[in-house]
Amino acid sequence: MDVARLAGVSQKTVSRVFNNEAYVSAEVRGRVLAAATELGYRRNNAARALASGRTRSIGVVTLGTALYGPASLLMGVERAVRDTGYALRVVNTVQGDPTGIAGAVDSLLDQGVDGIVISEPIDESGNGDGAGSEVSVHVDVPVLVCGAPPPFAAPKVLAAGVGADQLARTVTEHLLGLGHLTVHHLAGPQRWYAARDRLAGWRAALAAQDRREPPLAEGDWSAASGYAAGRELACDPDVTAVFAANDDMAIGLIRALTEAGRRVPDDVSVVGFDDTPVAAYVTPPLTTVRQPFDAVAQDGIKRLVHAIENPRADPLAASEPPVDLIVRASTAPPPAGRDTSAHH
């Protein structure tokens, strides 16, 4: 064993140190622990290696939030993990703590998990450039990252939940296809990877059809922020279509437009994102795109378990997430006199 060789002791002595057994001198114990630290071993990992066994558990690092998207993805991951027969261990991080992921991963590795799911939707690096923040932690198990850049190196890093930019592009193309000259965007907070992806999809759809990109509005995912943005957008007569980065902001936006006398969809079409349970029951029912949380979770966990159980095999290819546009009554062609025979 590497630790035993580096420390110059037997494997049995290493086992005694990691199991806190007696009859090991302080000097030898210090050598073993220093060797383990140098090689990146942890107590449980070394003991597990000695026993040549696995704990059949998967750890999940997630932001503690009740927001629909992260909460729905977490529920999908929980269901998918339990279907595999693995135990699930969840550690919540706190928004605004850049060391939260490292601490959560350390905690899970100390519990001996065989794989880790990172469902951390916020870039805590503060650089805002989309690169994410590199986490300083030694990870020796496969990792599944949901909808964000990998925050650290690991033997196998798998990605799941990518494709939100394509979903955003689809809803923007839906509005352009109805005849709107351009589409305004009410973005989510740009520290969130999901908000960046949706912004990128909106921009790509406009650029592909050579349409003007209007000034960006930004909310905080809440209906209140959608309402505030809607009061501003309602003052601009050129606004005929708005893509909101989630359904809650879209619902607040519709309320503000209606109060200002801008009818939805007669004067302004509005689309959301997520297809939350309430989206079909607001007035008017909201056109939106449904996120495939369960499909993403099931595909990702299947690939993670394969990586755990087949460490020398090539990773399984990711499935293409479905695009499910739900067209309801909040979108329509632009008002009469605003048809788009010209693009500009």
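See the structure printed just above.
Overview of the structure. (Residues numbered from 1 in each chain as written. Predicted model: local features only at pLDDT ≥ 70, side-chain atom pairs only at ≥ 80, totals over all residues. Heavy atoms only, no water.)

Before going further, it helps to spend a moment on the overall build of the protein. Each helix and strand in the protein was counted, giving 11 helices and 11 strands. The long-range share in the protein, meaning contacts at least 24 apart out of those at least 6 apart in sequence, stands at 74%. (Helix = DSSP H or I, 4+ residues; strand = E, 2+ residues; numbered from the N terminus. Contact = heavy atoms within 4.5 Å.)

A separate point is the packing of aromatic side chains. Summed over the entire model, instances satisfying the criterion amount to 3 aromatic pairs. Judged by centre distance (5.8 Å) and plane angle (80 degrees), the ring pair of W192 and W221 falls under edge-to-face. Of the two residues, W192 is situated in the loop between β6 (184-187) and α8 (193-208) and W221 in the loop between β7 (217-218) and α9 (223-233); the sequence distance between them amounts to 29 residues. W221 carries the same exposure label as W192, and that label is buried. Seen in terms of ring centroids, F243 and F273 are 6.3 Å apart; in terms of plane orientation they differ by 40 degrees. Their pairing is tilted. Of the two residues, F243 is situated in strand β8 (residues 241-244) and F273 in the loop between β9 (269-271) and β10 (288-290); the sequence distance between them amounts to 30 residues. Using a relative accessible area of 0% as the deciding quantity, one classes F243 as buried. (Phe/Tyr/Trp six-rings, centres within 6.5 Å; stacked < 30°, edge-to-face > 60°. Buried < 20%, exposed > 50% of the residue type's maximum accessible area, 1.4 Å probe, protein only.)

What follows concerns helix α10 (residues 247-259). Over its 13 residues, α10 extends 19 Å from the first C-alpha to the last, a length consistent with the 18 Å expected when each residue adds 1.5 Å. If you check which residues of α10 are buried, you get D247, M249, A250, G252, L253, I254, A256 and L257. At its buried positions, α10 is contacted by β6, α9, β8, β9 and β10. Two residues or fewer past α10, G261 is found with a positive phi of approximately 85 degrees. (Expected span 1.5 Å × (residues − 1).)

The 5 strands are arranged β2-β1-β3-β4-β5 in an open sheet whose pairing can be described as parallel. Unpaired on one side and paired on the other, β2 (87-93) and β5 (157-160) mark the two borders of the sheet. Strand after strand, the sheet turns through a mean of 20 degrees between neighbouring axes, direction not considered. Strand direction decides the pairing type here: strand β1 (residues 57-63) and β2, joined by 7 bridges, are parallel. Within β2, the residue paired with S57 across the bridge is A87. Here helix α5 (residues 68-84) sits on the sheet in contact with β1, β2, β3 (115-119) and β4 (143-146), set at roughly 160 degrees to β2. Of the strands in this sheet, β1, β3, β4 and β5 touch helix α11 (residues 293-309), which is tilted by about 170 degrees from β5. (Pairing = 2+ DSSP bridges. Axes fitted to C-alpha atoms, helices over the stretch in contact; angles between N-to-C directions.)

If you trace the backbone, V90 turns up in strand β2. Ignoring anything within four residues of it in the chain, the contact list for V90 reads V60, T62 and E78.

Let's shift gears to the layout of surface pockets. Size it by volume and the largest pocket reaches roughly 590 Å³. What lines the largest pocket is a set of 34 residues, and nearest its centre among them are G161, A194, R198, Q291 and F293. Sorting the residues of the lining of the largest pocket by element identifies α5, α7 (164-177), α8 and α11 as the ones contributing at least two each. At 4 residues, the largest contribution of residues to the lining of the largest pocket is made by α5. (1 Å grid on protein atoms, 1.4 Å probe; cavity = no way out; pocket = protein on both sides within 12 Å on 5 of 7 lines; lining within 4 Å. Points joined across faces, edges and corners; volume = space filled by probe spheres on them.)

Attention now moves to helix α6 (residues 100-110). By the burial criterion, the buried members of α6 are G100, I101, A102, A104, V105, L108 and L109. Once α6 finishes, G112 follows within two positions and takes phi at roughly 80 degrees, a positive value.

Packing of α7 against α8 leaves a shortest axis separation of 7 Å and a crossing angle of 45 degrees. Classed by the angle they form, the pair α7 and α8 counts as oblique. Relative to α8, the crossing made by α7 is right-handed. Residue-level inspection shows A164, D165, A168, R169, T172, E173 and L176 of α7 in contact with α8, the latter providing D197, R198, G201, W202, A204, A205, L206 and A208. Tallied by class, the residues present in the contact of α7 with α8 amount to 8 nonpolar, 2 polar and 5 charged. (Parallel < 35°, antiparallel > 145°, perpendicular 65-115°, else oblique. Left-handed = near helix turned anticlockwise from the far one by under 90°. Nonpolar A, V, L, I, M, F, W, Y, C, P; charged D, E, K, R; others polar.)

With that settled, consider the pairing of β6. With burial as the criterion, each face of β6 is covered, one bearing H184 and L186 and the other bearing H185 and A187. Bridge analysis of β6 against β8 gives 3 bridges, and the strand direction is parallel. Residue pairing for β8: H184 is matched across the bridge by V242. Taken together, the 2 bridges between β6 and β7 define a ladder with parallel strand orientation. The partner of A187 across the bridge, within β7, is E218. The parallel pair β6 and β7 is bridged by α8, and the resulting crossover is right-handed. (Right-handed = clockwise from strand over helix to strand, strands pointing away.)

What follows covers the nonpolar core. Ranked by size, the top nonpolar core spans 25 residues in total, and within it L186, V242, L257, V270 and L286 carry the most contacts. Those elements that provide at least two residues to this core are α9, β8 and α10. Dropping the residues within four chain positions of it, L286 is found in contact with D247, A250, I254, V270, V271, G272, A279, I326, R328 and S330. If you look at the next biggest cluster of nonpolar residues, it comprises 22 residues, including I58, L73, I301 and I308. (Core = buried A, V, L, I, M, F, W, Y, C linked by side-chain atoms within 4.5 Å.)

Before going further, it helps to examine the pattern of salt bridges. When the charged atoms of two side chains lie near each other, side chains of opposite charge can form a pair. Per the stated rule, a full pass over the model turns up 13 salt bridges. A salt bridge links R79 to D294; the nearest nitrogen and oxygen atoms lie 2.6 Å apart. With R79 in helix α5 and D294 in helix α11, this residue pair connects regions lying 215 residues apart in the sequence. For D294, a relative accessible area of 33% puts it in the partly exposed group. For D266, the salt bridge is made with R263, and the minimal N-O distance between the two is 3.7 Å. Using a relative accessible area of 42% as the deciding quantity, one classes D266 as partly exposed. Among the charged side chains, a salt-bridge network with shared partners connects D275, R290, D324 and R328. (Salt bridge = Lys/Arg side-chain N within 4 Å of Asp/Glu carboxyl O.)

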